[in-house]
Amino acid sequence: MTGQERQERKEGHEQPFAVDPWQVAEHGLDLTSLARAESVFALSNGHIGLRANLDEGEPHGLPGTYLNGVFELRPLPYGEGGYGYPESSQSVINVTNGKIVRLLVDDEPFDLRYGELLSHRRWLDFREGLLRRSAEWTSPAGRTIKVDSTRLVSLTQRAVAAVEYAVEAVDGPVRIVLQSELVANEQLPGGPEGDPRAAAVLEAPLLAEAHHSGGTKGVLVHRTRYSGIRVAAGMDHVIEGPERLDTVAESEADHSRITVTTVLHPGQRLRLVKFIAYGWSATRSLPAVRDQVEAALTAARYTGWDGLVAEQADFLKEFWDVSDVEIEGDVELQQAVRFAIFHVLQAGARSEERAIPAKGLTGPGYDGHSFWDTEAFVLPVLTYCLPTAVNQALRWRHTTLPLARDRAAQLGLAGAVFPWRTIRGEECSGYWPAGTAAFHIGADIAAAAARYVRATGDAEFEREYGLELLVETARMWRSLGHHDAAGRFRIEGVTGPDEYSAIADNNVYTNLMAQTNLRAAAEAAARHPREAARLGVDTEETAAWRDAAAAMFIPYDENLGVHPQADGFTDHQVWDFENTPPENFPLLLHYPYFDLYRKQVVKQADLVLAMQVRGDAFTDEQKARNFAYYERLTVRDSSLSACTQAVIAAEVGQLDLAYDYTAEAALMDLHDLGGNTRDGLHMASLAGACIALVAGFGGLRDHGEVLWFRPRLPTGIMRLGFSMMVRGQLLAVRIDHDETTYTLRRGEVIHLRHDGETVQVKAGRPVSVPTTNPPAQERCSQPPGREPARRQAQAGLSAGRITSGPDHLAAE
Ligand code: BGC
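- Going by the annotation in an unreviewed UniProt entry, the name recorded for the protein chain is Glycosyl hydrolase family 65 protein, with Kitasatospora putterlickiae given as the source organism.
- Turning to the protein chain, the UniProt record has this under Sequence similarities (unreviewed entry): "Belongs to the glycosyl hydrolase 65 family."

Structure below.
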């Protein structure tokens, strides 16, 4: 790379996606990075997920069609086993591909590896929720055609996806054959070797059960071999073209095909609308699942292509009206945050009592598992814009309580122990130091439930689901920890968020979150005494929770004046950052865990996250000192870190640093900063970008009854605006450098805190108050080579730019 190229790359000029505030667009086609674009352009509604594979199926980076909750079991072999190790794991599988529309031009397949591609463009507009594609191609034999296709995964009809495909002859006459297909057990390319993060590739996971075709329709029914999940996929078509059209329907075990043949003269078009539907169940019979798919197809056909497109736009209009985050002064960040919100919406919109995976349904990374990422990063965002999705996601956790209770019993604990990673609810982590030992996931779930109830006032949810989640997790904490001789409540042998430390005592994040969990459980039980009694809760038990919470031990290093992230952490040897070459990041792929565990090196925000979610437990001075201390140690080998560092950087007054971290979180996938966007998008980082803006620059803290704001802006952002739905009211916040305006867009009156002062906002009476920017400070330093890329405002230009810093972060 020349110096100029390097500079351009840093400035984002080489990025494949054009900057636009409302869409992501790709001009041309880079066959070497197809998989990355397949993730970026993935469509999903949380129920169905389609990677953006080309209509014609090939070439592809990684074909992917996912159904939430459809997985296969695979053994987890151990060299040396141990008590309580999970015996099998669950892997998301690539199900029947319904996206395929192959095209033959005279007798040559439309395949972009051959012939001449005159133009190719794909774009995804966040207000439309449609992936559009437009291509002009000359076949090796010299025939030129235009192809326009549009794909959607319906946000309103959860079992439905659809494609509109049109081919036009530019010269000719030309014989056109379209083959619209359902393909099961597609061949998958092998994953990157030796990288534990990539999903295990499962060959031919579907056993054929039934197939049929006729007219314009085809259906395939399969079952997974070991997990026993029945999957039906169906397609139906509306075809428009010249008068002479032939249509043939065929099907066999793994394949169904509708073929349309015609001759097009120059300027003539053949248009195909393909409705695709999926149904799946571990319990329902074959006819039941098949009929469900047929019914969904009928409904989609009834709505029609234009109807589906209109429903999609209406849904998104309503969504953006309450969820948009507006940034003035940095168009690229504006695009990135809308991209982020759009994908978070896609991941959660219709997940309906199923998990939201770490990658959503955009790729097979992490085997399709969901982690604490959901409750700690994704749900805090959805709570204020799409609370029904949060309700559903937490109800999914609730359905897994029987499994979590069994797991607790197996571990000799009371209450419920939720899995570190899972699809259906069983623990799938074979590496318990950074899996089961991360007990904090229980408190993360409890906190998400409590936040949802505070934000919505949904008492019915609390009675039916929230209370039990709180009670069972509180029971777990009470049995996991103990009062020492001095009466302090200690929680030992746990792993906090930072996965470069494990099995530590009194992790501050864990203890503070457990404290909140114990208190919240006692309060919820007091609000719902009857339901609590039904769960066996008595006053003795709630008193024990309160006592444990009150006596919670939080270690503090008096000498250094900082909180160790766990007992003894600040005494450990500091990692030799100076002699760690840049190519050795992420460290977990180059150094043994035993060495990482015994040194001061932080993979991701841990103590810093504690300061965000439990800001009340730290003084301002402690926050500033702690932040500076952990900045020097944090390498951000996880994409779950930058957003949290942004929030606290903003709180302690390091606004430009906060800006850099915000951009990193937001651009994680658009710029492929971790180098693994091909495996799927980083949902927590995308949600984290919104958190960075709203909790960082907006200063939102929502752990009390009233929302707190402490707005402040970096120089690169001229204005920031966002809205939040709180108990059915819609609050809009607009932050300028000199003043902040709160407007109640729906509702009567709301009380909030601005810079510590109570503010009352009434309908029709916006309140403007001064924005107080903290005094400028010396920028904290990070480990050498791990500084975030600097983002600087371009005077007079609308886009912030990256001007220095690592090209690539290489993180998980
Ligand atoms: C992080 C975890 C996270 C997981 C899935 C890991 O790299 O350390 O905190 O839950 O990725 O995103």
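A few points about the overall build of the protein chain
Point 1. In terms of regular secondary structure, the protein chain is built from 18 helices and 34 strands.
Point 2. Since a compact globule built from 812 residues should have a radius of gyration of about 28 Å, the 27 Å found for the protein chain is in line with a globular shape.
Point 3. Taken along its principal axes, the extent of the C-alpha atoms in the protein chain is 85 × 60 × 60 Å.
Point 4. A sequence separation of at least 24 residues applies to 68% of the contacts in the protein chain between residues at least 6 apart.
Point 5. Counting every atom, the protein chain has about 29,200 Å² of accessible surface; 49% of that belongs to carbon and sulfur.

Examining the sheet that holds strand β17 (residues 230–240)
The strands that make up a sheet pair up through hydrogen bonds in the backbone, lying either parallel or antiparallel.
Point 1. Within the open sheet, the ten strands sit side by side as β1-β2-β10-β11-β12-β13-β20-β17-β16-β15. Their pairing is antiparallel. The open sheet has two edge strands with one neighbour each: β1 (17–18) and β15 (206–214).
Point 2. Strand direction decides the pairing type here: β15 and strand β16 (residues 217–224), joined by eight bridges, are antiparallel. In the sheet register, His212 faces β16, and the bridge partner there is Val219.
Point 3. Helix α3 (residues 286–323) rests against β11 (130–138), β12 (144–153), β13 (160–169), β15, β16, β17 and β20 (269–281) of the sheet, and its axis sits at about 135° to β20.

Quick word on the environment of Gly215
Point 1. Tracing the chain through its elements places Gly215 in the loop between β15 and β16.
Point 2. In the structure, Gly215 is positioned 33 residues away from Val248 in sequence and 7.3 Å away in space, judged by C-alpha atoms.
Point 3. The contacts of Gly215, once residues within four sequence positions are left out, are Thr247, Ala249 and Ile258.

What to know about the site of the ligand
Point 1. Taken together, Tyr366, Phe371, Trp372, Asp373, Trp420, Glu499, Lys603, Gln604, Ser638, Leu640 and Glu812 make up the full set of residues adjacent to the ligand.
Point 2. At a separation of 2.9 Å, an oxygen atom of the ligand approaches a polar side-chain atom of Trp372.
Point 3. Taken by itself the ligand offers 310 Å² of open surface, and the protein chains cover 96% of this.
Point 4. Here the shell around the ligand is built from residues that sort into five nonpolar, two polar and four charged.

Thoughts on the sheet that holds strand β31 (residues 757–762)
Point 1. Pairing in this open sheet of three strands is mixed, and the strands run β26-β30-β31 from one edge to the other. Because the sheet does not close on itself, it has two edges, and the strands there are β26 (707–709) and β31. Strand after strand, the sheet turns through a mean of 35° between neighbouring axes, direction not considered.
Point 2. Pairing of strand β30 (residues 749–754) with β31 involves six bridges; the strand directions are antiparallel. Each bridged residue has a counterpart across the sheet, and for Arg753 the counterpart in β31 is Thr758.

Side note on helix α4 (residues 331–348)
Point 1. Compared with the 26 Å implied by 1.5 Å per residue over 18 residues, the 26 Å span of α4 between its first and last C-alpha is a close match.
Point 2. Taken across its 18 residues, α4 has 17 buried, putting it largely inside the fold.

Description of empty space enclosed by the protein
Point 1. Across all of its chains, the model carries four cavities of 30 Å³ or more by this definition.
Point 2. Reported here for the largest cavity is a volume of approximately 90 Å³.
Point 3. Lining the largest cavity are 16 residues; nearest its centre among them are Val92, Pro357, Leu361, Gly368 and Ile423.
Point 4. Broken down by class, the residue content of the lining of the largest cavity amounts to nine nonpolar, seven polar and no charged.
Point 5. What the second largest cavity holds in volume is close to 60 Å³.
Point 6. Around the second largest cavity, the lining residues are Asn53, Leu54, Asp55, Arg122, Leu131, Arg133, Ser149, Thr150 and Arg151.
Point 7. Broken down by secondary-structure element, the contributors of at least two residues to the lining of the second largest cavity are β11 and β12.
Point 8. Here the lining of the second largest cavity takes three residues from β12, the largest share from any one element.
Point 9. Each residue belonging to the lining of the second largest cavity can be placed in one class, and the counts come to two nonpolar, three polar and four charged.

Structural notes on the environment of Thr144
Point 1. Turning to its location among the elements, Thr144 is positioned in strand β12.
Point 2. Residues Thr144 and Ala514, spaced 370 residues apart in sequence, show a C-alpha to C-alpha distance of 65 Å.
Point 3. Once residues lying within four places of it in the same chain are set aside, the contact partners of Thr144 are Leu118, Glu136, Trp137, Thr138, Ala169, Val170 and Asp171.
Point 4. Within polar-contact distance, the side chain of Thr144 engages the side chain of Thr138 at 2.9 Å.

Re the side chain of Gln604
Point 1. Inspection of the secondary structure puts Gln604 in the loop between β25 (599–600) and α14 (607–613).
Point 2. Look past the residues within four positions of Gln604 in its chain and what remains in contact with it is Trp372, Pro497, Asp498, Glu499, Thr634, Ser638, Leu640 and Ser641.

What about helix α17 (residues 655–667)?
Point 1. In this model α17 runs 18 Å from its N-terminal to its C-terminal C-alpha over 13 residues, within 8% of the 18 Å that 1.5 Å per residue would give.
Point 2. Within α17, twelve of the 13 residues are buried, which leaves it mostly tucked inside the rest of the structure.
Point 3. Listing the buried residues of α17 in full gives Leu655, Leu657, Ala658, Tyr659, Asp660, Tyr661, Thr662, Ala663, Glu664, Ala665, Ala666 and Leu667.

A look at unusual backbone geometry
Point 1. Residue Glu58 is joined to Pro59 through a cis peptide bond whose omega torsion reads -5°.
Point 2. Its location among the elements puts Pro59 in the loop between β4 (48–50) and β5 (65–67).
Point 3. Omega for the bond connecting Gly172 with Pro173 falls within 30 degrees of zero, at 15°, which places this linkage in the cis form.
Point 4. Despite not being glycine, Asp106 shows a phi value in the positive range, around 50°.
Point 5. If you trace the backbone, Asp106 turns up in the loop between β8 (101–105) and β9 (108–109).
Point 6. Its identity as a non-glycine residue notwithstanding, Ile503 has a phi of 50°, on the positive side.
Point 7. By the secondary structure assignment, Ile503 is in the loop between β23 (489–490) and α10 (508–527).

About the thresholds
Residues numbered from 1 in each chain as written. Predicted model: local features only at pLDDT ≥ 70, side-chain atom pairs only at ≥ 80, totals over all residues. Heavy atoms only, no water. UniProt positions renumbered as here; feature names shortened; annotations may be inferred. Helix = DSSP H or I, 4+ residues; strand = E, 2+ residues; numbered from the N terminus. Rg over C-alpha atoms; globule rule 2.2 N^0.38 Å. Contact = heavy atoms within 4.5 Å. Areas by Shrake-Rupley, 256 points an atom, 1.4 Å probe, with all protein chains shown as cover. Pairing = 2+ DSSP bridges. Axes fitted to C-alpha atoms, helices over the stretch in contact; angles between N-to-C directions. Near = heavy atom within 4 Å. Polar contact = N/O pair within 3.5 Å; in protein donor to acceptor, adjacent residues only side chain to side chain. Nonpolar A, V, L, I, M, F, W, Y, C, P; charged D, E, K, R; others polar. Expected span 1.5 Å × (residues − 1). Buried < 20%, exposed > 50% of the residue type's maximum accessible area, 1.4 Å probe, protein only. 1 Å grid on protein atoms, 1.4 Å probe; cavity = no way out; pocket = protein on both sides within 12 Å on 5 of 7 lines; lining within 4 Å. Points joined across faces, edges and corners; volume = space filled by probe spheres on them.

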